[in-house]
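# Coordinate inspection notes
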Amino acid sequence: MKTRRIILPVLILMVLIMAISPLLGACGGTKAKAGEVLKIGMMTPSTGPVPEKGVPGQHGIQDALLYVNNELGGAAGHTIQVDWRDSAYDMAKVGTIVQDFINSGDILFTTHSSSEMKAAQGVANQNGFPGLATFISTMNLHPALHIYGPTPDYGDDWAALAKYYMANIWKGTGKPKMALHLLSGSVGQGTQDGAKAMADQLGIELVDIENHAISTTSEIESLTRIKTKNPDVLIISGTPAPTAVILKNAKQLGMIPGMTVMCASASFTKALIDLAGADVVEGVYGVFHTVSWDDNVAGMAKATEYVKKYHPADYGNMDYLSTWNTVLLIREILTNAVKAVGYEALSKGGAEAWKAVEEQGIQKLKGYKFEGLQGGTATYTPGDNRLDKFLRIYQVKGGKIVALTDWQEAPLIKYPQYGDK
Amino acid sequence: MDLPAGTRNYSYSEDVTIFRTGTQKFLLAVLILVLLTAPIWFGGYWLTVANLIGITIISVTGLNILTGYCGQLSIGHAGFMSVGAYTSAILTSRFGVPFLAALLCAGFLAGAVGMIFGIPSLRVKGFYLAISTIAAQFIIIWVAKHWTLTGGAAGMEVMPASILGFEIKTPTEKYYLVLAITIIAIFVAKNIVRTRVGRAFVAIRDNDLAAEVMGINLFRYKLTAFFIGCFYAGIAGSLLAHISFSTSADYFPFLDSVLFVGMIIIGGLGTTLGPILGALAIRLLDVLVTKLSPTLQSAFPNLPPGFTSGIAPLLFGLAIILFLLFEPRGLAHRWTIFKSAYRLWPFSY
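Once a new chain begins, its residue numbering starts again from 1 and follows that chain's sequence as written. Here the convention is simple: chains get letters from A, ligands get numbers from 1, in the order in which they are written. In view of the model being predicted, local features appear only for residues whose pLDDT reaches at least 70, and side-chain atom pairs are presented and counted only at 80 or more, with totals across whole chains, interfaces and linings using the full set of residues.

A helix here means a DSSP run of H or I that spans at least four residues, while a strand means a run of E at least two residues long, and both kinds are numbered starting from the N terminus. Along chain B, the regular secondary structure elements total 15 helices and four strands. We take the radius of gyration over the C-alpha atoms and set the globule estimate at 2.2 Å times the residue count to the 0.38 power. Here the C-alpha atoms of chain B give a radius of gyration of 21 Å, agreeing with the 20 Å that 2.2 N^0.38 yields for 349 residues. Dimensions along the principal axes, computed over C-alpha positions, put chain B at roughly 60 × 55 × 45 Å. Any residue with 12 or fewer other C-beta atoms within 10 Å of its own C-beta is exposed, any with 20 or more is buried, and the rest are partly exposed; the C-beta atoms used are placed from the backbone. Per-residue burial over chain B gives 48% buried out of 349 residues.

See the structure below:
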């Protein structure tokens, strides 16, 4: 009898959950009155294997929206309303989330990671639903369809790091030997694409390419293989947690200090320093698309004010700044679109609104400056869906990420394997 | 099959009929009507969720044949799904094979790969077999990530499914495709377990030594179970690839393999209804958490970041533990008890 008493409430709870799910879905969150809002969908991997990126990214979105809607008057006077979802970095779930955005009348969507976008872009491209990935990879942008990058891609990261290395660090003769340690998936693949496309041209010999899992706990074995190849430089492309493991293991093996270590943008943020420890990452180079938190640029005061007020733990985090900038860019896109086609055409959502956002919003971007928070300006070039094409090299010095160079433009690299001609 | 009081079988055909009484036939008709008209009631989002549930049901039904009926624990089912997904993607995109042929090939290849990893099942069982199937998951995913044919870590773009020149692109079209294949898969599974093969599976599950003494070839039947279970996984993987328009190793994480086992525990091992109820419960719970988390996050801003959306795995784990403790025969058994109680009402024992 006791068992029955417990089982019954559990079953009732399960049945209730199943029963109310469709009803909740039908409610669709808070409905704004017609004429008030422009709805967009945004997802972050706030749980799952990469919360160290997803959570600050989510906070950047929340705070930037407050700023845009409260202080800048939204987009052309219309409040930007976000349907936010946690993807949990679950690719099957990403497919349902994108469909949810489409069904909810959202006129644009974003993902935080390139992997999320990889899972979303099939449905998005089929429907002509425009999307932006805050961190983007080569296979998201090539061939150029309906997916855009507010930043350069991971292939560009590799090219920028390699060029800096050749111009400022390599003092030897002949070709320097480079090893890559890549996160399995779109992040590492993007960096590898860039390396394979440009290594010969830059005079670099790729001596080893190793892969790591997102949840790796030890890379001693792969680093030992790399060590036997005696590379001059190691480029790591992954998220902060596995990159921290690799750096700690490299230190254990005596590879650092000594060998030049460089990180692509997905990992090069405050979370890396927090996870690996300042002593381990000291001297490590990195590449990133936003300014650093110490830069004195127009938009930094507001970003700093909001992060310190609402999410002080994210101060210094580049993922926060990246999604903050994405929201600023979306405001500019929507402002362009509203001015061109009017609010009514956008408010209904659907294919016509998506087309208007893409053609009159995204493709009309010209010289948008991100309030100075990114190096370049957002400008659309036909055939190149990277909206900002500028990167800067940084280095960890004294436990802080410090800029080393001015902004470098990343030229478009063609990737025939993805259909580029 | 337990029948309502007063219902008797007077012929073999009556004995093998799945839907035996007028009430059962009426309920089946209502269910089919509801399923066929679902696109009228559901929006695109819920159809997409329904598609994911349907695909999960197919995969978990296969796992149920392998684990629930034959007793061979597999924790690599997501890996076998990936074999089907890549097979179908490669055949349709690179070799122009029609979708339906590619779908069947996906099932057969996944079944063949399943048989290879099922070979140790003759020598090992239980925990040790589980470990060997975990190895299958990791080996398959590693190969998928490193083989140029599968697109490496980047995965592959997948063409929409196409039947007789008709491209299946919208959520409604995808829904009908998944629904049709799910119904066929459940029907076939229901019948497999009623055949000589199905009874051999149950004999092996209940006592493999006794089964062998009775003349059942353990090796043959265990491999057959692996083939059938993984065939279903391959079909599910192929459908997932064609409705997502892309595939990569990221679609088939190890966690899904664990979750599939959880689904058959919650639904009910060794029943046809179990995988359906288990997949429904877990997928809808996930949807509920995803939908509610933004609201909860706003209502309780002091909760740790990601807490509200991150409770899904906790709830899955809790549900599995509760079912193992209090209802190890799953929701399907609860449903049977409910039906019995309903038939006797108001004169229960």
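From this point on, the discussion continues.
Close inspection of predicted coordinates is inappropriate for parts of the model with low pLDDT. Residues and elements named next belong to chain A. Residues at a pLDDT of 70 or more form 92% of chain A, whose mean pLDDT is 85. The lowest-confidence element of chain A is helix H1 (residues 2-27), averaging 47 in pLDDT; the highest-confidence one is strand S3 (residues 109-111), averaging 94. Within the model, pLDDT remains below 50 along residues 17-34, and this stretch shows 22 contacts once partners closer than five positions in the same chain are excluded. Confidence per residue, as judged by the predictor, is encoded in pLDDT with a range of 0 to 100. A pair of residues counts as a contact when their C-beta atoms, built from backbone coordinates, are separated by no more than 7 Å.

What follows covers the interface of chain A and chain B. It is common to report an interface's size as the accessible area lost on association of the parts. Of the residues lining the interface, 41 residues belong to chain A; the matching set on chain B comes to 41 residues. Listed by contribution, the elements that provide at least two residues to the side of chain A that touches chain B are H1, helix H2 (51-71), strand S2 (79-86), helix H3 (91-103), helix H4 (114-127) and helix H7 (186-202) of chain A. The biggest single contributor to the side of chain A that touches chain B is H1 of chain A, with twelve residues. Three classes are used: nonpolar for Ala, Val, Leu, Ile, Met, Phe, Trp, Tyr, Cys and Pro, charged for Asp, Glu, Lys and Arg, and polar for all others, with Gly counted as polar. Across the side of chain A that touches chain B, the residue classes break down as 19 nonpolar, 18 polar and four charged.

Moving on: the sheet that holds strand S4 (residues 131-133) of chain A. All names here are of chain A. With parallel pairing, five strands are arranged side by side in an open sheet as S2-S1-S3-S4-S5. Looking at strand neighbours, the two that pair on one side only are S2 and strand S5 (147-148), the edges of this open sheet. Where strand S1 (residues 37-44) and S2 come together, eight bridges link them in parallel fashion. The residue bridging glycine 41 from the neighbouring strand is aspartate 83, located in S2. Convention adopted: a line fitted to C-alpha atoms gives each axis, helices being fitted over their contacting stretch, and angles between N-to-C directions are expressed from 0 to 180 degrees. Its contacts with the sheet put H3 on S1, S2 and S3, and the angle it makes with S2 is roughly 155°. Along the sheet face, H4 touches S1, S3, S4 and S5 and points at about 165° away from the line of S4. Note on pairing: DSSP must find at least two bridges between two strands before they are called paired.

All names here are of chain A. Entries for chain A in the domain assignment read domain 1 (37-152 + 295-388) and domain 2 (154-288 + 412-418). Tallying the contact residues gives 19 residues for domain 1 and 27 residues for domain 2. Counting residues per element, the ones that place at least two in the side of domain 1 that touches domain 2 are H2, H4, helix H5 (138-141) and helix H13 (318-341). At three residues, the largest contribution of residues to the side of domain 1 that touches domain 2 is made by H4. Here the residues of the side of domain 1 that touches domain 2 sort into seven nonpolar, seven polar and five charged. Here the bounds of each domain stem from an automatic or database domain assignment.

Across soluble globular proteins, nonpolar side chains have a tendency to be buried as a group. Each nonpolar core consists of buried Ala, Val, Leu, Ile, Met, Phe, Trp, Tyr and Cys residues. Their C-beta atoms, within 7 Å, join them into a set. Leu161, Ile235, Leu247 and Val357 of chain A together with Leu240 of chain B are the most contacted members of the largest nonpolar core, which totals 219 residues. Per element, the largest residue contribution to this core is 16 residues, and it comes from helix H11 (residues 218-244) of chain B. Each of domain 1 (37-152 + 295-388) and domain 2 (154-288 + 412-418) of chain A gives at least three residues to this core. The residues touching isoleucine 235 of chain A, leaving out its near neighbours within four places in the chain, are Trp158, Leu161, Met178, Leu180, Thr191, Met262 and Ala264 of chain A.

Next up on the list: helix H12 (residues 254-267) of chain B. Residues and elements named next belong to chain B. Helix length check: H12 (14 residues) gives 20 Å between terminal C-alpha atoms against 20 Å at 1.5 Å per residue, within 8%. Counting buried residues in H12 gives eleven out of 14 residues, a clear majority hidden from the surface. Just downstream of H12 lies glycine 268, where phi reads positive at about 130°. To estimate how far a helix should extend, the number of its residues minus one is multiplied by 1.5 Å.

Before going further, it helps to spend a moment on the confidence of the model for chain B. Across chain B, the average pLDDT comes to 88, with 98% of residues at 70 or higher. In the model output, the complex is listed with pTM 0.81 alongside ipTM 0.77.

This brings us to the packing of H2 of chain A against H13 of chain A. Residues and elements named next belong to chain A. Their axes nearest at 7 Å, the elements H2 and H13 cross at an angle of 40°. As far as their axial angle goes, H13 and H2 are oblique. For the element pair H2 and H13, the recorded crossing hand is right-handed. In this structure, H2 contributes Lys53, Pro56, Gly57, His59, Gly60, Ile61, Asp63, Ala64, Leu65 and Val68 to the contact, and H13 contributes Asp319, Tyr320, Leu321, Ser322, Thr323, Trp324, Val327, Leu328 and Arg331. Small angles under 35 degrees read as roughly parallel and large ones over 145 as roughly antiparallel, with 65 to 115 read as roughly perpendicular and the rest as oblique. Take the far helix as the reference: if the near one is turned anticlockwise from it by less than a right angle, the crossing is left-handed, and if turned clockwise, right-handed.

Our focus in this paragraph is the packing of helix H5 (residues 77-95) of chain B against helix H6 (residues 99-118) of chain B. Residue and element names in this part refer to chain B. Two numbers describe how H5 lies on H6: the axes approach to 8 Å, and their chain directions differ by 145°. At the point where H5 passes H6, the crossing takes the right-handed sense. Along the contact surface, H5 presents Phe80, Val83, Gly84, Thr87, Ser88, Leu91 and Thr92, while H6 presents Phe99, Ala102, Leu103, Cys105, Ala106, Gly107, Leu109, Ala110, Val113 and Gly114. When its residues are assigned to classes, the contact of H5 with H6 shows eleven nonpolar, six polar and no charged.

Turning next to the environment of methionine 115 of chain B. All names here are of chain B. Here methionine 115 is to be found in helix H6. When the C-alpha atoms of methionine 115 and leucine 223 are compared, they prove to be 5.4 Å apart, with 108 residues separating the residues in sequence. Beyond its immediate stretch of four places on either side in the chain, methionine 115 contacts Leu223, Phe226 and Phe227.

A word on helix H13 (residues 273-299) of chain B. End to end, H13 of chain B covers 38 Å across 27 residues, agreeing with the expected 39 Å (1.5 Å per residue, within 8%). In the structure, H13 of chain B departs most strongly from a straight axis at serine 293 of chain B, where the bend amounts to approximately 40° and where the proline proline 294 of chain B lies between one and four residues downstream. Fitting axes to the seven residues that end at a residue and to the seven that start at it, the angle between those axes gives the bend at that residue.

So, about unusual backbone geometry. All names here are of chain A. That bond from histidine 142 to proline 143 is cis: its omega, -5°, falls within 30 degrees of zero. Following the sequence through the fold, proline 143 ends up in the loop between H5 and S5. Of note, the bond from isoleucine 256 into proline 257 is cis; its omega dihedral lies within 30 degrees of zero at -5°. Along the chain, proline 257 falls in the loop between helix H9 (240-252) and strand S9 (260-263). Of note in the backbone geometry, alanine 88 takes a positive phi value of approximately 55° without being a glycine. The topology assignment puts alanine 88 in the loop between S2 and H3.

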